Amino acid sequence: MTFLYKRNFGPIAAAALLFSSSAMASFVNTSPLINSSRSNRNVDNGYAGLKWTLGESFIPELVVGFRHANISSNGDTYGGDISFSFRVWGGLQPGQIRLKYFNGADYLQGEVGGGYDFKNGFFVGIGGKAPFSSVGLDYQFNGPVPLVPYFMLDSIGQYRKPGVNFRFICPVAGQHYNPVTGLCDGVI
């Protein structure tokens, strides 16, 4: 059997293949560029605690204070603290007013500060703060004993770190980030 009209579909098939492949090539999936940056948050805490001064009495002093902390997403923590202590047993008597600067991690900070002791005058001190507790050593300029260690239990726990900020950037113009696939896609 012979056909009188023989058509050559080769050029048409090649053109169709060419157009369909270029249409498919224009839809591109690429990996996004990821920028991360630290974030910070400020925490203000009022607190209460019990403070034992070693070498004085087994009866603790009551401490009330205010603490301002700046915590970054990697755990770096710094800030300031002001507190007032007083004796409640044996009559209400003022103890100390103290200012501190602290710096460290979200779970442990070193402290340096000073203040005024209503019984012994001015003092400076160093210390450390862990969740719900702190220890320190004060140097009293006019006290009967110059070095006075103390231990305190308080109501401030571990600081909570803020999350890291992520930004997804598509490297090709006209694409958008798809959070389902985790890729940049779109027709370019």
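Report on the accompanying structure. The shown structure was predicted, so the numbers you read here are calculated from the model rather than taken from an experiment. (Residues numbered from 1 in each chain as written. Predicted model: local features only at pLDDT ≥ 70, side-chain atom pairs only at ≥ 80, totals over all residues. Heavy atoms only, no water.)

### Remarks on the pattern of salt bridges
Under the counting rule described, the total for this entry stands at six salt bridges. Between D81 and R67 there is a salt bridge, with its nearest N and O atoms 3.0 Å apart. In this pair, D81 sits in strand β5 (residues 77–87) while R67 sits in strand β4 (residues 61–72), placing the two residues 14 residues apart along the sequence. The pair formed by D81 and R67 is uniform in burial state, with each residue classed as buried. Ionic pairing is found between E111 and R67, a salt bridge with its closest N-O pair at 3.3 Å. Highlighted residues: E111 in strand β7 (residues 109–117) and R67 in strand β4, separated in sequence by 44 residues. With respect to burial, E111 and R67 carry one shared label: buried. It is possible to trace a salt-bridge network through shared partners that takes in R67, D81, K100 and E111. (Salt bridge = Lys/Arg side-chain N within 4 Å of Asp/Glu carboxyl O. Helix = DSSP H or I, 4+ residues; strand = E, 2+ residues; numbered from the N terminus. Buried < 20%, exposed > 50% of the residue type's maximum accessible area, 1.4 Å probe, protein only.)

### Concerning the packing of aromatic side chains
A complete count under the given rule lists six aromatic pairs for this structure. Between F84 and F86 the ring centres are 5.8 Å apart and the planes differ by 35°, which places this aromatic pair in the tilted class. In this structure F84 comes out as partly exposed when scored by relative accessible area, which is 28%. Since its relative accessible area comes to 15%, F86 is described here as buried. Between Y116 and F122 the ring centres are 5.0 Å apart and the planes differ by 70°, which places this aromatic pair in the edge-to-face class. (Phe/Tyr/Trp six-rings, centres within 6.5 Å; stacked < 30°, edge-to-face > 60°.)

### Some thoughts on the state of the cysteines
Evaluated as defined, the whole model comprises one disulfide. Here C170 pairs with C184 through a disulfide, and the sulfurs are 2.3 Å apart. One quick way to see it: the torsion about the S-S bond of C170 and C184 is about -90°, and its sign makes the bridge left-handed. Linking C170 in the loop between β11 (165–169) and β12 (176–178) with C184 in strand β13 (residues 183–187), this pair joins segments that are 14 residues apart in sequence. (Disulfide = S-S within 2.5 Å.)

### Describing the side chain of S83
Following the sequence through the fold, S83 ends up in strand β5. Excluding anything up to four places from it in sequence, S83 contacts Y47, V63, V64, G65, Q96, I97 and R98. (Contact = heavy atoms within 4.5 Å.)

### Considerations on the environment of R41
Mapped onto the secondary structure, R41 falls in strand β3 (residues 40–53). As for R41 and I71, which are separated by 30 residues in sequence, their C-alpha atoms are 5.5 Å apart. Apart from residues no more than four positions distant in its own chain, R41 is found in contact with A69, N70, I71, R160 and P162. Reaching out from R41, the side chain makes a polar contact with the backbone oxygen of R160 at a distance of 3.0 Å. (Polar contact = N/O pair within 3.5 Å; in protein donor to acceptor, adjacent residues only side chain to side chain.)

### Structural notes on the sheet that holds β7
With respect to topology, eight strands assemble into a closed barrel ordered β3-β4-β5-β6-β7-β8-β9-β10, the strand pairing being antiparallel. With direction set aside, neighbouring strand axes in the sheet form an average angle of 25°. As defined by bridge partners, β3 adjoins β4 across twelve bridges and the pair is classed as antiparallel. Looking at β4, one finds that N42 is bridged to N70. (Pairing = 2+ DSSP bridges. Axes fitted to C-alpha atoms, helices over the stretch in contact; angles between N-to-C directions.)

### Description of the nonpolar core
One finds V43, Y47, V63, A69, I71, F102, M152, I156 and Y159 forming the largest nonpolar core, which totals nine residues. For this core, the elements supplying multiple residues, two or more each, are β3 and β4. With three residues, the single largest contributor to this core is β4. Every residue in contact with Y47, bar those within four places of it in the chain, is listed here: V63, V64, G65, F66, R67, D81, I82, S83, M152, D154, S155 and I156. (Core = buried A, V, L, I, M, F, W, Y, C linked by side-chain atoms within 4.5 Å.)

### Structural notes on the pairing of strand β9 (residues 133–140)
Summarising the sheet, strand β8 (residues 121–130) and β9 pair through eight bridges and their orientation is antiparallel. Bridge pairing in β9 places F123 opposite Q140. Counting the residues between successive antiparallel strands, the hairpin from β8 to β9 contains two residues, one of them, F132, with a positive phi of roughly 65°. Note: β9 against strand β10 (residues 147–154), seven bridges, orientation antiparallel. Of the residues in β10, the one forming a bridge with Y139 is L147. Hairpin connection between β9 and β10: a loop of six residues separates the two successive antiparallel strands.

Note that every value here comes from positions in space, so none of it alone points to a role or purpose.
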